[in-house]
Amino acid sequence: MSLDRGKVFAYIDQNLPEHVAKLQELVRQPSISPENKGVKDCANLVLRYFKELGCRASLVETSGNPVAYGKYDAGADKTIVVYMMYDTMPVDEPGWRVDPLSAALVENPPFKRCLVARGAYNTKGELRGFLNACESIKATGHELPVNLVFVAEGEEELGSRHLPEFFAKHHRELQEA
């Protein structure tokens, strides 16, 4: 069955509050790598998301923060490796209109309501949005058109210092993807 985008978009529209709630859950979870605040808990949350999608997933420990690693087998001919990050910078700079970990929905003309939170656009928002889209495709009775390999690190804000350890452990698998 080919992907019916209209059906997927309608599903997203009908379930928008649930999609927003999932985004709020992720950005409310601290993952401040420079302060080592909530990072491991966030890694476990991302791991849970991968498993809920149907991935074989695990946390890969490094000398620093763990990498959430997941493989989704759609039975497709092609595989895409999706790099993500789940860590953020501290929340102590001035100028926040709301608590940066509250994930508040605020009126923000000319954009109407916007979610305001640390990590909402760099890049927890993109991470959760991509997973919401994948879940929506599956929820409409479709299969994802490609296999996915997820690599979500928790040290991008620190220069990805320990990501090479992950690649050393998994480079053969990633080459085959």
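The preceding data block contains the structure.
Parameters at a glance
Residues numbered from 1 in each chain as written. Predicted model: local features only at pLDDT ≥ 70, side-chain atom pairs only at ≥ 80, totals over all residues. Heavy atoms only, no water. Helix = DSSP H or I, 4+ residues; strand = E, 2+ residues; numbered from the N terminus. Expected span 1.5 Å × (residues − 1). Buried < 20%, exposed > 50% of the residue type's maximum accessible area, 1.4 Å probe, protein only. Arc of directions from axis to C-beta. Contact = heavy atoms within 4.5 Å. Phe/Tyr/Trp six-rings, centres within 6.5 Å; stacked < 30°, edge-to-face > 60°. Pairing = 2+ DSSP bridges. Axes fitted to C-alpha atoms, helices over the stretch in contact; angles between N-to-C directions. Parallel < 35°, antiparallel > 145°, perpendicular 65-115°, else oblique. Left-handed = near helix turned anticlockwise from the far one by under 90°. Nonpolar A, V, L, I, M, F, W, Y, C, P; charged D, E, K, R; others polar.

A.B. asks: What exactly am I supposed to notice about helix α2 (residues 16–28) here?
C.D. replies: An α-helical turn contains 3.6 residues, so a residue and the one three or four places further along point in the same direction. The terminal C-alpha atoms of α2 lie 18 Å apart, and with 13 residues this matches the ideal 18 Å at 1.5 Å per residue to within 8%. H19, L23, Q24, L26 and V27 are the residues of α2 that are buried. The arc that holds every buried residue of α2, seen down its axis, measures 165°, which confines them to one face. Those residues of α2 that are buried lie in contact with α1 (5–14), α3 (39–53), β4 (104–107), β5 (113–116) and α4 (124–139).

A.B. asks: Honestly, the packing of aromatic side chains in this entry has me stumped. Any pointers?
C.D. replies: Within a pair of aromatic rings, the relevant descriptors are the distance that separates the centres and the angle that separates the planes. In this structure the tally under the stated criterion is four aromatic pairs. Both rings, one in F50 and one in F150, keep their centres 4.7 Å apart while their planes meet at 20°; by these two values the pair is stacked. Of this pair, F50 sits in helix α3 while F150 sits in strand β6 (residues 147–153); the two residues are 100 residues apart in sequence, bridging distant segments of the chain. Judged by relative accessible area, F150 falls into the buried class, the value being 0%. Taking the centre distance of 5.1 Å and the plane angle of 75° together, the rings of Y69 and F166 count as edge-to-face.

A.B. asks: What is the right way to look at the sheet that holds strand β2 (residues 67–72) in this model?
C.D. replies: Taken in spatial order, the four strands of this open sheet run β1-β2-β6-β3, and their pairing is mixed. For this open sheet the edge positions go to β1 (56–60) and β3 (79–85), each flanked by a neighbour on one side alone. Ignoring which end each strand starts from, the neighbouring axes of this sheet average 15° apart. In terms of strand pairing, β1 meets β2 through five bridges, oriented antiparallel. In the sheet register, V60 faces β2, and the bridge partner there is V67.

A.B. asks: Quick question: what am I supposed to make of unusual backbone geometry here?
C.D. replies: Most peptide bonds take the trans configuration, and most residues that are not glycine carry a negative phi. The omega torsion of the bond from P109 to P110 falls at 10°, within 30 degrees of zero and hence cis. Counting through the fold element by element, P110 comes out in the loop between β4 and β5. Cis rather than trans, the peptide bond between N122 and T123 has omega equal to -15°. Note that T123 resides in the loop between β5 and α4.

A.B. asks: Honestly, the packing of α3 against α4 in this entry has me stumped. Any pointers?
C.D. replies: Describing two packed helices takes the angle between their axes plus the distance from one axis to the other. Where α3 meets α4, the closest approach of the two axes is 10 Å, and the angle between their N-to-C directions is 20°. Viewed along their axes, α3 and α4 adopt a mutual orientation that is roughly parallel. Here α3 and α4 pass one another in a crossing that is left-handed. Packed against α3, whose contacting residues are C42, V46, Y49, F50 and L53, the element α4 presents K124, L127, R128, L131, C134, E135 and K138 at the interface. Its residues assigned to classes, the contact of α3 with α4 shows eight nonpolar, no polar and four charged.

A.B. asks: I would appreciate a short explanation of the environment of P109 in the present structure.
C.D. replies: With respect to the helices and strands, the residue P109 is situated in the loop between β4 and β5. Between the C-alpha atoms of P109 and E61, which are 48 residues apart in sequence, the distance is 43 Å.

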